[in-house]
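Here is how the chains run, residue by residue.
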Amino acid sequence: MSALRYTPDIEVTEARLRAAIDNNELKLLYQPKLALRGEGMDELEGVEALVRWDDPLNGLRSPMDFIPLAEKTGLIIPLSFYVLRHAVTQTRLWHEQGLPLTVSVNLPAIMVNDLSLPDQVAAILNDAGLPSDKLILEITETGAMVDFATTIESLTRLRVKGIGLSIDDFGTGYSSLVELYRMPFSELKVDRSFVMECDQAAEARTIVEAIVQLAHKMELTVCAEGVESKSVLDLLRSLGCQKVQGFFISRPIHAAEVTEFARRFSAKSRG
Ligand code: C2E
Ligand code: MG
Ligand code: MG
């Protein structure tokens, strides 16, 4: 992956983004997600796939640079299928190497508003040879209008196939209680804006604590993202949070680095 280039920002256009998808310029990084099992016994349970654009004219681009345009133009659909295919294929390779990771892939809510999605996802899993319970779809709500009945039906079909469903960035923007109440999620991700400050700000701590309890009562696995320090990790552990992700554990890394991370991590856990 090329280093950042110091050229003036070249505008992201629909045509250039479309070409980037066709020319394989999108690259995936993977960020470890740990299952908390008690100090020294935590496990590397899975990774979240995070897209980057290795733009030949502008260097490496953050998803914040191009996901909004992708959503506006509909390119988010081919982009998401690209990410999904690459992520499950890579995860199958890890399985073959004896690393049975779960992979989380981000999907905008607008794509779930389609009854053909569950079979399309199942076909991608089948092609890659990855069991469906090794995929979690992290649904991000961007405020686009969706038809509730279709979305619930589509999410239910995905769950019936054994695919995990996570409500991403919970507590901000459009990730609301209505969704929790009516939709068959299996995981809730506490937004990093609260997690990052929960050891410093009493209000952030109260919010994290309440969200963790809410998730427990609704029998959802709770994952905190944005864990940047040991003190936040310790606090989350004491609150009963089951999964964590953040720079304190690892930044997003290349696929090749994941095996090394897993090896070092399990050696450390064994003591
Ligand atoms: P997200 O799904 O909530 O992903 C987590 C983001 O938090 C990632 O940013 C990750 O690098 C960052 N992060 C992780 N740990 C920490 C931490 O300890 N501190 C801080 N400050 N940040 C942390 P990234 O990779 O820039 O992605 C940003 C957002 O872009 C994602 O948020 C997601 O909404 C979207 N995105 C990324 N990849 C995809 C994709 O393949 N498809 C779609 N639709 N959206 C994507
Ligand atoms: Mg996510
Ligand atoms: Mg998130």
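Residues numbered from 1 in each chain as written. Chains lettered and ligands numbered in written order. Predicted model: local features only at pLDDT ≥ 70, side-chain atom pairs only at ≥ 80, totals over all residues. Heavy atoms only, no water.

Regarding the overall build of the protein
Looking only at helices and strands, the protein has 11 helices and 9 strands in total. Against the compact-globule benchmark of 18 Å for 271 residues, the protein has a radius of gyration of 18 Å, which places it among compact chains. Dimensions of the protein, computed from C-alpha atoms along their principal axes, come out at roughly 50 × 45 × 40 Å. For the protein, buried positions account for 48% of its 271 residues. Taking as baseline every contact in the protein between residues at least 6 positions apart, the subset at least 24 positions apart corresponds to 68%. Put simply, the protein shows about 13,000 Å² of open surface, and 54% of that area lies on carbon and sulfur atoms. If the 28 positive side-chain charges of the protein are averaged to one point and the 38 negative ones to another, these points end up 5 Å apart. (Helix = DSSP H or I, 4+ residues; strand = E, 2+ residues; numbered from the N terminus. Rg over C-alpha atoms; globule rule 2.2 N^0.38 Å. Buried < 20%, exposed > 50% of the residue type's maximum accessible area, 1.4 Å probe, protein only. Contact = heavy atoms within 4.5 Å. Areas by Shrake-Rupley, 256 points an atom, 1.4 Å probe, with all protein chains shown as cover. Lys, Arg positive; Asp, Glu negative; His and termini not counted. Charge placed at Lys NZ, Arg CZ, Asp CG, Glu CD.)

Some remarks on the coordination of the magnesium ion (ligand 3)
Each pair of donors in an ideal octahedron of six around a metal sits at 90 or 180 degrees, and each pair in an ideal tetrahedron of four sits at 109.5 degrees. Every protein donor of the magnesium ion (ligand 3) is accounted for by Asp 168 (OD), Asp 169 (OD), Glu 225 (OE) and Glu 225 (OE), and the metal-donor separations fall at 2.1 to 2.5 Å. Each donor residue of the magnesium ion (ligand 3) belongs to the same chain, with the gaps between them written as D-D-x55-E. A separation of 4.0 Å is found between the magnesium ion (ligand 3) and the magnesium ion (ligand 2), both of which receive a donor from Asp 168. (Donors = N, O, S within 2.8 Å, 3.2 Å for Na, K, Ca; no water.)

Concerning the pattern of salt bridges
Evaluation of the coordinates by the stated rule reveals 22 salt bridges. Two residues, Glu 187 and Lys 33, come together in a salt bridge whose shortest N-O distance is 3.1 Å. One end of the pair, Glu 187, is in strand β7 (residues 187-190); the other, Lys 33, is in strand β1 (residues 26-35), with 154 residues separating them in the sequence. Look at Glu 187 and you get buried, because its relative accessible area is 2%. Lys 33 gets classed as buried once you look at its relative accessible area, which sits at 2%. (Salt bridge = Lys/Arg side-chain N within 4 Å of Asp/Glu carboxyl O.)

What about the coordination of the magnesium ion (ligand 2)?
Binding of the magnesium ion (ligand 2) to the protein goes through Glu 48 (OE), Asn 106 (OD1), Glu 138 (OE) and Asp 168 (OD), at separations of 2.0 to 2.3 Å. Along the chain, the residues that donate to the magnesium ion (ligand 2) are spaced as E-x57-N-x31-E-x29-D. On the basis of relative accessible area, Glu 48 is assigned to the buried category, the value being 5%. Taking relative accessible area as the criterion, Asn 106 reaches 25% and is therefore assigned partly exposed.

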